Amino acid sequence: MFNLIKTIASPLAINKNRIAWIDIAKGIAILLVIIGHCPQIGSPLISIIFSFHMPLFFILSGYTFRAARSKDELLLHLKKNIKHLYFPVIIILIFWMFISLYQIGRIDLSIIKLLLRDGISMIYWGLGDDYNGHLRIGIPWFLISLFWSKLIIDVLSVYFKKQDVFYLIIFIAILGLYLSVNKIILIQGMTTNFISVFFIYIGMLWKQFEPQISKYSQLIFIVCLPLWLYPALNIQFINMAAWSYPQNILTIIESMAGSFSVCCICKSISEKKILSYPFMVLGTQTMIIFSVHALDYLFREIWNTETVYQTVLNRIVFVLIISFVFLELKYLTNLLINKIKNKPVF
């Protein structure tokens, strides 16, 4: 019985070398992503959630990201990111097609062609929201944006001096803001990606100057808290997927202030193991949770109710259960493959 429990719990094991507060922040953020997409959620909660949750993911990605230093390393990063960021988008779309066919109830060549056309269009544009007749890919926009943002930073780091990289990223961010405000939407979500590059770079700078920032973290927290909450409570918030920056640069500052404030709280939570463990588990599995959540709208009849709190709870539980099942299947499949490979041949 103990071995069975140990086997079931193995996918939830946490590597001791991971940074606890980052996993906690990611765990909290992925829950907020699910909550923020529940249709009944209104202001000011939706405003507070959207004011920081996606910028936080990009900033944390930057904190743990080391830019390429050579062409070989650039190529290595590219291959890795295709596998871990772009390939999951394709898998999500394949699942979307099969689930859609199942729900339609019949396999028809015209329907398959229509789904293929829509799927190709969605991945080509990589949009988080519908625009000018182009279908949104929805939640996976984040993975596409993370892929291109990391690639842009890698290319800049390899081909330009460190000081020049700073200037170029500031320019790219301003360009992205200009394109967003004027609704000039580029393929592969590049309009949003230019802003994402900036957030990732902020995370990299945070990591670089962590000792100095930690020294004055309480003072910075006191400054950041009102910069975040005042506009958020007044329904002024960033929405990267919809290219919405109500106060332009001030909205970006608001999102950075909110991200830092939440991370400070997460650092405090990390001191309490009982409280931190559930969020750390979620934080280590954000990719699978994110992928399942990208398709959970297809099963809204299961989790959607007339009561907002029940809907939120149902949707979170639904996503986490399906995610856990996928994790178990992946773990048991790998376990079986390893046993077959290690089986002696007579």
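Note that the structure is predicted; figures quoted are calculated from it, not measured.

Criteria and cut-off values
Along every chain, residues carry numbers that run from 1 in the direction the sequence is written. With pLDDT at 70 or above as the cut-off, local features in this predicted model cover only qualifying residues; side-chain atom pairs require 80 or more to be listed or tallied, and sums for whole chains, interfaces and linings still use all residues. Only heavy atoms go into the side-chain values, all of them from the structure, while hydrogens and water stay out. By definition, any uninterrupted DSSP run of H or I lasting at least four residues is a helix, any uninterrupted run of E lasting at least two residues is a strand, and each is numbered from the N terminus. Each radius of gyration reported is based on C-alpha atoms, and the globular scaling rule is 2.2 Å times the count of residues to the power 0.38. Exposed residues in this analysis have more than 50% of their type's maximum accessible area, buried residues have under 20%, and partly exposed residues fall in between, with area computed by a 1.4 Å probe over protein chains only. Any two residues whose heavy atoms approach within 4.5 Å are treated as being in contact. Of the two site types, the cavity is a set of points on a 1 Å grid over the protein atoms alone where a 1.4 Å probe fits but cannot get out, and the pocket is an open set with protein on both sides within 12 Å along at least five of seven lines, each lined by residues with an atom within 4 Å of a point. Grid points are joined across faces, edges and corners, and a volume is the space filled by probe spheres set on the points. Residue polarity is assigned by list, with Asp, Glu, Lys and Arg as charged and Ala, Val, Leu, Ile, Met, Phe, Trp, Tyr, Cys and Pro as nonpolar; anything else, Gly included, falls into the polar class. We define a nonpolar core as any set of buried Ala, Val, Leu, Ile, Met, Phe, Trp, Tyr and Cys residues linked to one another through side-chain atoms lying within 4.5 Å. Note on geometry: axes are C-alpha line fits, over the in-contact stretch for helices, and angles between N-to-C directions span 0 to 180 degrees. Orientation is classified from the angle alone, with under 35 degrees giving roughly parallel, over 145 giving roughly antiparallel, 65 to 115 giving roughly perpendicular, and any other angle giving oblique. The handedness criterion is simple: a crossing whose near helix is rotated anticlockwise from the far helix by less than a right angle is left-handed, and one whose near helix is rotated clockwise is right-handed. You can read pLDDT as the predictor saying how much it trusts each residue, on a scale of 0 to 100. Aromatic rings from Phe, Tyr and Trp, taking only the six-membered ring of Trp, are treated as a pair when their centres fall within 6.5 Å; an angle between ring planes under 30 degrees marks them as stacked, one over 60 as edge-to-face, and anything in between as tilted. Salt-bridge detection follows one rule: a side-chain nitrogen of Lys or Arg within 4 Å of a carboxyl oxygen of Asp or Glu.

## What about the overall build of the protein?
At step 1: Check the secondary structure of the protein and you find 16 helices and zero strands.
At step 2: Computed over the C-alpha atoms, the radius of gyration of the protein is 21 Å, within 12% of the 20 Å expected from 2.2 N^0.38 for a compact globule of 346 residues.
At step 3: Structurally, the protein occupies a C-alpha span of about 60 × 50 × 50 Å along its principal axes.
At step 4: Taken over 346 residues, the protein has a buried fraction of 47%.
At step 5: Nonlocal contacts in the protein, meaning residues at least 24 apart in sequence, comprise 75% of its contacts between residues at least 6 apart.

## Here we look at empty space enclosed by the protein
At step 1: With the rule as written, the count across this model stands at one cavity of 30 Å³ or more.
At step 2: Of the voids in this model, the largest cavity is the one considered here, and its volume is about 60 Å³.
At step 3: Around the largest cavity, the lining comprises 13 residues; the ones closest to its centre are Gly126, Gly128, Trp141, Gly189 and Thr192.
At step 4: For the lining of the largest cavity, the secondary-structure elements that each account for two or more residues are helix H7 (141-159) and helix H9 (190-208).
At step 5: In terms of residue count, H7 provides more of the lining of the largest cavity than any other element does, three residues in total.
At step 6: Among the residues forming the lining of the largest cavity, the class breakdown is six nonpolar, seven polar and no charged.

## Some thoughts on the nonpolar core
Burial of nonpolar side chains together is a common tendency in soluble globular proteins.
At step 1: The biggest cluster of nonpolar side chains holds 96 residues, and the ones touching the most others in it are Phe142, Phe199 and Met240.
At step 2: For this core, the element with the most residues is helix H2 (residues 20-36), which contributes 12 residues.
At step 3: Sequence-distant contacts of Phe199, that is, excluding residues within four places in its chain, are made with Pro55, Phe58, Ile59, Ile238, Met240, Ile252, Ser255 and Met256.

## A short note on the packing of helix H4 (residues 53-63) against helix H12 (residues 249-269)
The description of two packed helices rests on the angle between their axes and on the distance between the axes.
At step 1: Interhelical geometry of H4 versus H12 gives an angle of 70° and a closest axis separation of 9 Å. By the angle between their directions, the pair H4 and H12 is classed as roughly perpendicular. Helix-helix and strand crossings are classified by hand; for H4 and H12 the assignment is right-handed. Of H12, the residues touching H4 (which contributes Pro55, Leu56, Ile59 and Leu60) are Ser255, Met256, Ser259, Val262 and Cys263.
At step 2: Looking at the contact of H4 with H12 residue by residue, the class counts come to seven nonpolar, two polar and no charged.

## Quick look at the packing of helix H8 (residues 162-181) against H9
At step 1: Contact geometry for H8 and H9: axes closest at 7 Å, N-to-C directions at 140°. The two elements H8 and H9 cross, and the hand of that crossing is left-handed. Counting all contacts with H8, which are made through Lys162, Val165, Phe166, Ile169, Ile170, Ile172, Ala173, Leu175, Gly176, Leu177, Leu179 and Ser180, the residues of H9 involved are Thr191, Phe194, Ile195, Val197, Phe198, Tyr201 and Gln208.

## Digging into the environment of Pro140
At step 1: Of note, Pro140 is situated in the loop between helix H6 (109-125) and H7.
At step 2: Here Pro140 is in contact with Val89, Ile92, Phe290 and Ala294, once residues within four sequence places are set aside.

## Observations regarding the confidence of the model for the protein
At step 1: The share of residues in the protein with pLDDT of 70 or more is 95%, and the mean pLDDT across the chain is 92.
At step 2: Confidence drops under a pLDDT of 50 for residues 1-8, and excluding neighbours within four residues, the segment shows five contacts in the predicted structure.

## Digging into the side chain of Ser276
At step 1: Positionally, Ser276 belongs in helix H13 (residues 273-284).
At step 2: Setting aside chain neighbours within four positions, we find Ser276 in contact with Ile24, Ile269 and Ser270.

## Some details on the packing of aromatic side chains
Any pair of aromatic rings gets described here by the distance separating the centres and the angle formed by the planes.
At step 1: For the structure shown, the criterion picks out 20 aromatic pairs.
At step 2: Seen in terms of ring centroids, Phe166 and Tyr167 are 5.8 Å apart; in terms of plane orientation they differ by 70°. Their pairing is edge-to-face.
At step 3: The exposure class assigned to Phe166 is partly exposed, which follows from its relative accessible area of 34%.
At step 4: Taken together, the ring pairs connect Phe57, Phe58, Trp141, Phe142 and Phe290 into an aromatic cluster.

## Notes on the pattern of salt bridges
At step 1: Per the stated rule, a full pass over the model turns up seven salt bridges.
At step 2: The salt bridge partner of Asp23 is Arg18, with a shortest N-O separation of 2.7 Å.
At step 3: For Arg18, a relative accessible area of 35% gives the class partly exposed.
At step 4: Ionic pairing is found between Asp296 and Arg315, a salt bridge with its closest N-O pair at 2.8 Å. Of this pair, Asp296 sits in the loop between helix H14 (286-293) and helix H15 (300-303) while Arg315 is found in helix H16 (residues 308-342), placing the two residues 19 residues apart along the sequence.
At step 5: Look at Asp296 and you get buried, because its relative accessible area is 1%.
At step 6: On the accessibility criterion, Arg315 (4% relative accessible area) is buried.

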